[in-house]
Amino acid sequence: MTEPRKHEPLPLGGEHGLPFSKGRMAHALMAVGVAPLQAYELAVRIEHDLTARGAEIADLERVDALAAEILGLEQGSGAVRQLRRFRELRDLDLPIVVLIGGATGTGKSTVATELAYRLGITRVTSTDFIRQTLRAFFAREFMPTVHHSSFEAGDVLPNEEQETGDPTLLGFLEQTRNVLVGARAAVERALEEGWSMVLEGVHLVPGMLPHNLAGALVVPCVLQISDEYVHAAHFYIRDAASNERRPMAKYHDRLGEIRRIQRYIVGRALKIGVPVIENEDVEQTVAAVMELVVSAAERLREPVR
């Protein structure tokens, strides 16, 4: 059984009678961007400080001093400032919906999984999963584009449609319109039940799925990889990680089409103001998306303040 979102307080100890936990504190520090080794080192230092003082609860002012000791004054203060912002996000009494778009091979699923872990969100899904579900219900003859990859959908368009423009984009957009019907239903069901979720996928084209949903904090973004060689290298990694279930040759042969779809998605994002994040490093990318979520929550709370 999953939960809507884990509304856990900052692990300073004393909450609900629970003792301080260095493991949970390290997790909270990593969630706000502290490197894993430094996060654990600081959590251990806080635990030792509590033991030495015979205390059970760590206050943020004391954590601030210890963070400066371990991480340095500037980085330590920054980490505690982020912890305070993270606490406000956790106190937000709204479901959070994060939409991570981007072309095939830009690292969306990796970023989505890590982000959900940091935010305490237990529901993560992809538009590829929704497309696979559509394949089970709609025959190729009725909905041909959903039975192909996003960059191959143009191959099954009627000849007269292929002649009206770029077949790759036309096929991709037709597939996207079909898949987004299921994506909207998934988001609406989550909001009806008060669930938070992270939804990722190539079909999350900015402007084609509403970003202003009543009763939710919706945070959209798009990932991209500008360097073609770096993009191609991601398919080697996927091939190895999936034990060749996602064969790299298929993606390399259609890299031109994949890159055209990326240019289209990024162009749409820039046009309507959806943030575009260069995924050069997973840790930095997750931190960037986390910042988008925290900042969106702060903007939402500002009128209340």
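Residues numbered from 1 in each chain as written. Predicted model: local features only at pLDDT ≥ 70, side-chain atom pairs only at ≥ 80, totals over all residues. Heavy atoms only, no water.

## A word on the pairing of strand S3 (residues 197–200)
Part 1: On S3, burial covers both faces: Met197 and Leu199 on one face and Val198 and Glu200 on the other are all buried.
Part 2: Bridge count between strand S1 (residues 96–102) and S3: 4 bridges; the pairing is parallel. Paired with Val97 across the bridge in S3 is Met197.
Part 3: Bridge count for strand S2 (residues 124–126) against S3 is 3 bridges, and the pairing is parallel. From the neighbouring strand, Ser126 faces S3, where its bridge partner is Glu200. (Buried < 20%, exposed > 50% of the residue type's maximum accessible area, 1.4 Å probe, protein only. Helix = DSSP H or I, 4+ residues; strand = E, 2+ residues; numbered from the N terminus. Pairing = 2+ DSSP bridges.)

## Observations regarding the sheet that holds strand S4 (residues 217–224)
Part 1: Strands sit in the order S2-S3-S1-S4-S5 across an open sheet of 5 strands; the sheet is parallel. Here the strands that pair on one side only, and so sit at the sheet edges, are S2 and strand S5 (276–278). Averaged over all pairs of adjacent strands, the angle between strand axes in this sheet comes to 25 degrees, irrespective of strand direction.
Part 2: Most of the contacts of helix H5 (residues 108–119) go to S1, to which it runs at about 165 degrees, and overall it touches S1, S2, S3 and S4.
Part 3: Lying over the sheet, helix H11 (residues 255–272) contacts S1, S4 and S5, oriented at roughly 140 degrees with respect to S4. (Axes fitted to C-alpha atoms, helices over the stretch in contact; angles between N-to-C directions. Contact = heavy atoms within 4.5 Å.)

## Considerations on helix H8 (residues 167–192)
Residue pairs three or four apart in sequence face the same way in an α-helix, which turns once every 3.6 residues.
Part 1: Helix length check: H8, at 26 residues, gives a terminal C-alpha distance of 38 Å against a target of 38 Å (1.5 Å per residue), a fit within 8%.
Part 2: Along its length, H8 reaches its greatest deviation from straightness, about 30 degrees, at Val179.
Part 3: Buried within H8 we find Thr168, Leu169, Gly171, Phe172, Leu173, Gln175, Thr176, Val179, Leu180, Ala183, Val187 and Ala190.
Part 4: Among the structural elements, S1, helix H6 (127–137), S3 and H11 are those in contact with the buried residues of H8.
Part 5: Here H8 starts with a cap whose side-chain oxygen sits 2.9 Å from the backbone nitrogen of Thr168, and that cap is Asp166.
Part 6: Where H8 ends, the next residue or the one after it, Gly194, has phi of about 75 degrees, a positive value. (Expected span 1.5 Å × (residues − 1). Bend = angle between axes of the 7 residues up to and from the residue. Polar contact = N/O pair within 3.5 Å; in protein donor to acceptor, adjacent residues only side chain to side chain.)

## Structural notes on the pairing of S1
Part 1: The element S1 is largely enclosed, with a buried count of 7 among its 7 residues.
Part 2: Alternating positions in S1 separate into two faces, Ile96, Val98, Ile100 and Gly102 on one and Val97, Leu99 and Gly101 on the other, with burial throughout.
Part 3: Pairing of S1 with S4 involves 7 bridges; the strand directions are parallel. Residue pairing for S4: Val97 is matched across the bridge by Val218.

## Brief notes about the environment of Asp64
Part 1: On the secondary structure map, Asp64 appears in helix H3 (residues 60–71).
Part 2: Taking the relative accessible area as the measure of exposure, Asp64 reaches 26% and is therefore partly exposed.
Part 3: Along the backbone, Asp64 and Arg81 are 17 residues apart, and their C-alpha atoms lie at a distance of 8.6 Å.
Part 4: With residues near it in sequence (within four places) discarded, Asp64 still touches Gly76, Ser77 and Val80.

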